[in-house]
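Coordinate inspection notes
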Amino acid sequence: MKRLTLILLLCAALFAVSAQNAAVRLSKTGETSHVSMPNPDRASAWLTWASSIDDGVINNSYMDNIIFAERFTTSDLAPYNGYQLTQIAFYVESGNYSPSGSYSVKVYQGGSYTSSTSMNAGTLVASQAVSSVNLGSLTTVTLNTPITIDASQELWFGVGISNVSANSYMMGFDETSTVTGKGSLVWDPDDNEWYDLNDYITDFQVSSWAIEAFALDPNGGGGVLVDLLTWYID
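Because the structure is predicted, anything quoted here is derived from the model rather than measured. (Residues numbered from 1 in each chain as written. Predicted model: local features only at pLDDT ≥ 70, side-chain atom pairs only at ≥ 80, totals over all residues. Heavy atoms only, no water.)

With antiparallel pairing, four strands are arranged side by side in an open sheet as 3-17-6-11. Edge positions in the open sheet fall to strand 3 (45-47) and strand 11 (138-148), since each of these has one partner strand only. Pairwise comparison of adjacent strand axes, ignoring direction, gives a mean angle of 25° for this sheet. With six bridges joining them, strand 6 (residues 84-91) and strand 17 (residues 211-216) adopt antiparallel strand pairing. (Pairing = 2+ DSSP bridges. Helix = DSSP H or I, 4+ residues; strand = E, 2+ residues; numbered from the N terminus. Axes fitted to C-alpha atoms, helices over the stretch in contact; angles between N-to-C directions.)

Below, the structure is given as structure tokens:
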């Protein structure tokens, strides 16, 4: 973990909304778009703690098999009990330090969090390779098998990275608001432990990784997703 450092990127991309809000992602077409939700009281939603992409992370040494994750507690998941997790999206910066390597999306259930240095992601219920990463924009991965959200268990989801080139951008993040113990968790392969990354940063804070997961209501709350990502309407 001590080999992980961070740099500012000055990205200007909108990313997401609060996990407690029902969201519709729309692409900008030059006109105002209006979308009706089939059931506004029970709408599908993108779950994330990030609100914008401001910066990025960089590895300066040997960072193999690192995992970035966001955590949702049982109370966070209460509105989404029985929903199906169908997609995971994440942002990796482009530029002179664009990464090479292997990416995979991951979902865990039944985790626990005692402190910023004592936590467990629970059981890995999905791990799926990413065939290609869209540098400089969202990479959206559809899970081969949807994961049913059980609000009696914590849900962690994120992105695993292996064999990444040294000194390369690995994951975008948001520093606009701190979500302690939820938004910026990382698995350190050196210690074989999970940590809150902010314990290792002194100059600025990482609020949340630029990672989100789509929770689909199987009972009629039809969220609407329109590519490409430009802005969000709550």
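Before going further, it helps to spend a moment on the pairing of strand 7 (residues 102-109). Among the eight residues in strand 7, seven count as buried, and that is most of the element. In the sheet, strand 7 pairs with strand 12 (residues 155-162) via eight bridges, with the strands oriented antiparallel. Residue pairing for strand 12: Tyr108 is matched across the bridge by Trp156. Bridge analysis of strand 7 against strand 10 (residues 123-129) gives six bridges, and the strand direction is antiparallel. When the sheet's bridge partners are listed, Tyr108 is paired in strand 10 with Leu124. (Buried < 20%, exposed > 50% of the residue type's maximum accessible area, 1.4 Å probe, protein only.)

So, about the environment of Gly122. Here Gly122 shows up in the loop between strand 9 (118-120) and strand 10. With 32 residues separating them in the primary sequence, Gly122 and Glu154 have C-alpha atoms 8.1 Å apart. The contacts of Gly122, once residues within four sequence positions are left out, are Tyr108, Gln109, Gly110 and Gly111. (Contact = heavy atoms within 4.5 Å.)

Per the counting criterion, the structure on display carries two salt bridges. Put simply, Glu154 and Arg71 hold a salt bridge, and the shortest N to O gap is 2.8 Å. Of this pair, Glu154 sits in the loop between strand 11 and strand 12 while Arg71 sits in strand 5 (residues 66-72); the two residues are 83 residues apart in sequence, bridging distant segments of the chain. Taking the relative accessible area as the measure of exposure, Arg71 reaches 8% and is therefore buried. For Lys182, the salt bridge is made with Asp76, and the minimal N-O distance between the two is 3.0 Å. Of this pair, Lys182 sits in the loop between strand 13 (168-174) and strand 14 (185-188) while Asp76 sits in helix 1 (residues 74-77), and the two are 106 residues apart along the sequence. No difference in accessibility class separates Lys182 from Asp76, as the two residues are buried. (Salt bridge = Lys/Arg side-chain N within 4 Å of Asp/Glu carboxyl O.)

Once that is clear, we can look at the confidence of the model for the chain. Fine structural detail should not be taken from predicted coordinates in areas where pLDDT scores are low. For the chain, per-residue confidence averages 74 on the pLDDT scale, and 66% of positions sit at 70 or higher. Within the chain, the lowest mean pLDDT, 28, falls on strand 2 (residues 24-26), and the highest, 97, falls on strand 10. Note that pLDDT drops below 50 for residues 2-40; the model gives that stretch 123 contacts with residues more than four away or on any other chain. Counting interchain partners and residues more than four positions distant, the pLDDT-below-50 stretch residues 222-234 has 45 contacts. (pLDDT = per-residue confidence, 0-100.)

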